Amino acid sequence: MSYRQGRFWQPDVTVATVVVRDGRLLMVEETVGGQQVLNQPAGHLEPDESLQDAACRETLEETGWEVRLTGFVGAYQWKAPDGPDGRAGRHYLRFAFAAEPVRHYPDRTLDEGIIQAVWLTPAELQAQAGRHRSPLVWRAAADFLAGRRRPLDLLQHLA
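Now for a quick tour of the structure. Because the structure is predicted, anything quoted here is derived from the model rather than measured. (Residues numbered from 1 in each chain as written. Predicted model: local features only at pLDDT ≥ 70, side-chain atom pairs only at ≥ 80, totals over all residues. Heavy atoms only, no water.)

This next bit is on the overall build of the protein chain. Assigned secondary structure in the protein chain consists of three helices and seven strands. Secondary structure elements in the protein chain, listed N-terminal to C-terminal, are β-β-β-β-α-β-β-β-α-α. Here the C-alpha radius of gyration of the protein chain, 16 Å, is about what a compact globule of 159 residues would show, namely 15 Å. Expressed along its principal axes, the backbone C-alpha trace of the protein chain runs to roughly 50 × 40 × 30 Å. Relative to its 159 residues, the protein chain shows a buried fraction of 40%. Sequence-distant contacts, at least 24 apart, represent 73% of the contacts inside the protein chain between residues at least 6 apart. Here the protein chain displays about 9400 Å² of accessible surface, and carbon together with sulfur accounts for 49% of that area. (Helix = DSSP H or I, 4+ residues; strand = E, 2+ residues; numbered from the N terminus. Rg over C-alpha atoms; globule rule 2.2 N^0.38 Å. Buried < 20%, exposed > 50% of the residue type's maximum accessible area, 1.4 Å probe, protein only. Contact = heavy atoms within 4.5 Å. Areas by Shrake-Rupley, 256 points an atom, 1.4 Å probe, with all protein chains shown as cover.)

Structure (structure tokens):
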């Protein structure tokens, strides 16, 4: 049954930032489902929040870094694999942003599940592909590294 037949469906809307300093990418090491994985600073859009505000908030909460968004990298759809218990994988719609670090708050408590924030070279990140939380991690990084950036005003928040 499709949503047109009365079944409600809604993807998880998430944001992520690709933050670069001295040729290194800001990543988070986090525990998900008992596994330690790598991800960009990323998380869910909250009600009444703009995509840009969500990206800055999630980056601060997960890394302790205040950032300034510099561009829009892309929008990505992905369906997670079905779980071992037979539950259907979740659908994600991720909006990725380019950002530059502004200020670090090293004493800030990071979100639950976050082990640490780390700076990795693109080669180091790619070499750890087996630890990426999802294929969205490398795809957003690769698009950024290829120079894919669009103006932030492509995304409008109408209050």
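What follows concerns the packing of aromatic side chains. Considering all chains together, one arrives at four aromatic pairs under this definition. Between W65 and W119, the aromatic rings sit 5.6 Å apart at their centres with planes inclined by 90 degrees, giving edge-to-face as the arrangement. You can see W65 sitting in strand 5 (residues 65–79) and its partner W119 sitting in strand 7 (residues 114–120), a full 54 residues away along the chain. Neither residue differs from the other here; W65 and W119 are each classed as buried. Residue placement shows R21 over the ring face of W119; its charged tip is 4.3 Å from the ring centre. The ring of F144 carries R149 above its face, with NZ or CZ at 3.8 Å from the centroid. (Phe/Tyr/Trp six-rings, centres within 6.5 Å; stacked < 30°, edge-to-face > 60°. Lys NZ or Arg CZ within 6 Å of the ring centre and 35° of its normal.)

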